[in-house]
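Secondary and tertiary structure notes
This is what each chain is made of:
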Amino acid sequence: MAKLAVPLLILLFFPSFISSQAALPLQTTIQKDRSTSQYVITAYLQTPLKLTKFLLDLGSTYTWVNCDDYTSSTYQHVPCNSSIASLLGPYACLNLCDGPPSPNCGNNSFLFLPDNPIKPVDYRKVNGLNTALIDPFALPNAQGSLTLINNFIFSCARTGFLKGLAKGITGLAALGRSNISIPIQINKVFPSTPNCFAICLSGSISQPGVALFGSKGPYNFLPGIDLSKSLVYTPLLLNPLGKDSEPDKPILSSEYHIGLTSIKVNGKMVALNNSLLAINGEKGSGGTKISTVVPYTKLQSSIYKAFILAFLKEAASSAFNLTTTKPVKPFAVCYPASAVKNTQVGPAVPIIDLVLDRQDVVWKIFGSNSMVRITKKSVDLWCLGFLDAGVNQMVSNWVGAPSIVIGGYQLEDNMLQFDLQSKKLGFSSSILSKGTDCAKFKFPTKRV
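What counts, and where the lines are drawn
- Residues numbered from 1 in each chain as written.
- Predicted model: local features only at pLDDT ≥ 70, side-chain atom pairs only at ≥ 80, totals over all residues.
- Heavy atoms only, no water.
- Helix = DSSP H or I, 4+ residues; strand = E, 2+ residues; numbered from the N terminus.
- Rg over C-alpha atoms; globule rule 2.2 N^0.38 Å.
- Buried < 20%, exposed > 50% of the residue type's maximum accessible area, 1.4 Å probe, protein only.
- Contact = heavy atoms within 4.5 Å.
- Areas by Shrake-Rupley, 256 points an atom, 1.4 Å probe, with all protein chains shown as cover.
- Lys, Arg positive; Asp, Glu negative; His and termini not counted.
- Charge placed at Lys NZ, Arg CZ, Asp CG, Glu CD.
- Pairing = 2+ DSSP bridges.
- Axes fitted to C-alpha atoms, helices over the stretch in contact; angles between N-to-C directions.
- Domains from an automatic or database assignment.
- Buried area = accessible area lost by both parts, 1.4 Å probe.
- Salt bridge = Lys/Arg side-chain N within 4 Å of Asp/Glu carboxyl O.
- Nonpolar A, V, L, I, M, F, W, Y, C, P; charged D, E, K, R; others polar.
- Disulfide = S-S within 2.5 Å.
- Polar contact = N/O pair within 3.5 Å; in protein donor to acceptor, adjacent residues only side chain to side chain.

So, on to the overall build of the protein. The helix and strand inventory of the protein stands at 4 helices and 32 strands. What you see for the protein is a C-alpha radius of gyration of 22 Å, in line with the 22 Å of a compact globule of 448 residues. When burial is assessed residue by residue, the protein has 57% of its 448 residues classed as buried. A fraction of 70% describes how many contacts in the protein between residues 6 or more apart in sequence connect residues 24 or more apart. Of the accessible surface of the protein, which amounts to about 19,700 Å², a share of 54% is contributed by carbon and sulfur atoms. Taken together, the 39 basic and 24 acidic charged side chains of the protein have centroids lying 5 Å from each other.

It is worth spelling out the sheet that holds strand β26 (residues 362–365) at this point. Strands in a sheet are paired, the pairing made by backbone hydrogen bonds, and the direction either parallel or antiparallel. In space, the 4 strands of this open sheet follow the order β19-β18-β25-β26, with antiparallel pairing throughout. Single-partner strands in this sheet number two, and they are β19 (268–269) and β26. Relative to β26, strand β25 (residues 352–355) runs antiparallel, the two being bridged by 4 bridges. Each bridged residue has a counterpart across the sheet, and for D353 the counterpart in β26 is K364. In this fold helix α2 (residues 301–316) packs onto β18 (262–265), β19 and β25, with an angle of close to 20° to the strand it touches most, β18.

Our next topic: the domain arrangement of the protein. Taken domain by domain, the protein comprises domain 1 (26–193) and domain 2 (225–434). Inter-centroid distance (C-alpha atoms) of domain 1 to domain 2 is 29 Å. Each partner contributes residues to the interface: domain 1 has 18 residues there, and domain 2 has 18 residues. Regarding the contact of domain 1 and domain 2, the summed buried area is about 1,500 Å², with carbon and sulfur atoms giving 56% of it. Together, Y39, L58 and R177 form the three largest contributors to the area buried by domain 1 at its contact with domain 2, with a combined 51%. For the pair domain 1 and domain 2, the number of links is 2 salt bridges. Linking K32 and E412 is a salt bridge whose minimum nitrogen-to-oxygen distance equals 2.7 Å. Counting only elements with at least two residues in the side of domain 1 that touches domain 2, the list comes to β4 (50–57) and α1 (182–189). Top element by residues in the side of domain 1 that touches domain 2 is β4. It accounts for 3 residues. Of the residues belonging to the side of domain 1 that touches domain 2, the class tally is 10 nonpolar, 4 polar and 4 charged.

With that settled, the discussion passes to the state of the cysteines. Taken as a whole and judged by the stated rule, the model has 5 disulfides. With its sulfur 1.6 Å from that of its partner, C80 forms a disulfide with C93. For the disulfide bridge between C80 and C93, the dihedral angle about the S-S bond is near 85°, and by the sign convention the bridge is right-handed. Of this pair, C80 sits in the loop between β6 (76–77) and β7 (92–94) while C93 is found in strand β7, placing the two residues 13 residues apart along the sequence. As far as the burial class goes, C80 and C93 line up, both buried. Between C97 and C105 runs a disulfide, and the two sulfur atoms are separated by 1.2 Å. Across the S-S bond linking C97 and C105, the dihedral sits near 90°, which makes this disulfide right-handed. Given a relative accessible area of 13%, C97 falls into the buried group. Residue class for C105 comes out buried when judged on its relative accessible area of 10%.

What follows is about the side chain of S428. Relative to the helices and strands, S428 resides in strand β32 (residues 424–430). A polar contact is formed between the side chain of S428 and the backbone nitrogen of M415, at a distance of 2.8 Å. Those residues in contact with S428, other than ones at most four positions away along the chain, are S230, L231, N414, M415 and K434.

One open sheet holds the 3 strands; their spatial order is β22-β28-β27, and the pairing between them is antiparallel. For this open sheet the edge positions go to β22 (334–336) and β27 (371–376), each flanked by a neighbour on one side alone. Pairwise comparison of adjacent strand axes, ignoring direction, gives a mean angle of 30° for this sheet. Across 6 bridges, β27 lies against strand β28 (residues 379–384) in antiparallel orientation. Along β28, the bridge assignment pairs I374 with L381.

Written as structure tokens, this is what we have:
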């Protein structure tokens, strides 16, 4: 049986990294999976480099990959008392491995406790503690070749961690606010480039969107549009209590929060309990976060009910003249598709305004992001793609849930820039209004 010891860890210096090329920005595809609506990002791991598909998780702390079939000639474990281990958090140490040496097993190896945000792992059936590894990681660059990070830090996981994930996915790509997420490790390799990344999720199940690392622009999309010039900025807020916090040991959240101050439907204010819109620093609850693993925006019950009533009222007004029909789960509000007109930015329905830190900083949600098309058998509907999150929800035994989670569907065909140096989010609202979409990014002619 393996012996575990929990080391005392303090943040020290980042280890040195070596890159074979420095052609930034790095850029890779994000593909929406047809059956699960999960967003799949591709990268290269191992020696020799192998194309690997990951679940894109905007808020996770560290990347993990299934090591049950991981084969590489260069992987290294992270020694428990090394300077690297001091970066990784207060988890555990495997003193003596009880099997043959492998990526999953190494003496004096630091251990992570990865998780699956789609389907919680049953740690009674799957070994939860897994070894930290260092191995090459690569992404395509602007010239179409690969840029290599020789000493990329990530966690192993077991096959059981893949339950609920889209076919072909073998791990999770972490883009969160931590010192070992993918964007931070890239920035440590290239410190002279912007500590920044951007994503543009495509709603197409055949044409991918894009993730870009190490650049504030230009973000060139067909037909000749630089979306970096279309961004509006709002502060990224910090939640002092992440889901791994304990009563006597707060841990900063790695997720991205923004300061939503009000919601408007068709230009009219929705009556809300504004206290729910702020992050509660003592409980970690409240506020608004952005997520790529939640498919549709979720609203705390009282916010949801007020929002739904406002939307129904405006949709029934003379400007739209829409009458609801029997809804299809999980949605509560649906309209016959034949009754809804189409526009450049999707179905003609009331516009939803997310008002942020100032009255003139507004994230507009048009029909393309608010309405979901449901077609099956004799049913053809447009349904409002917002869900009731309930009340007093928790993300752990100690930490409360956000009041609003902006889900992946509402992010599609929106350009989002996460400026980690300036701690601000740049957002475009729907780029359909600019005559382009996230599947029209201009990748280099030469592709890996």
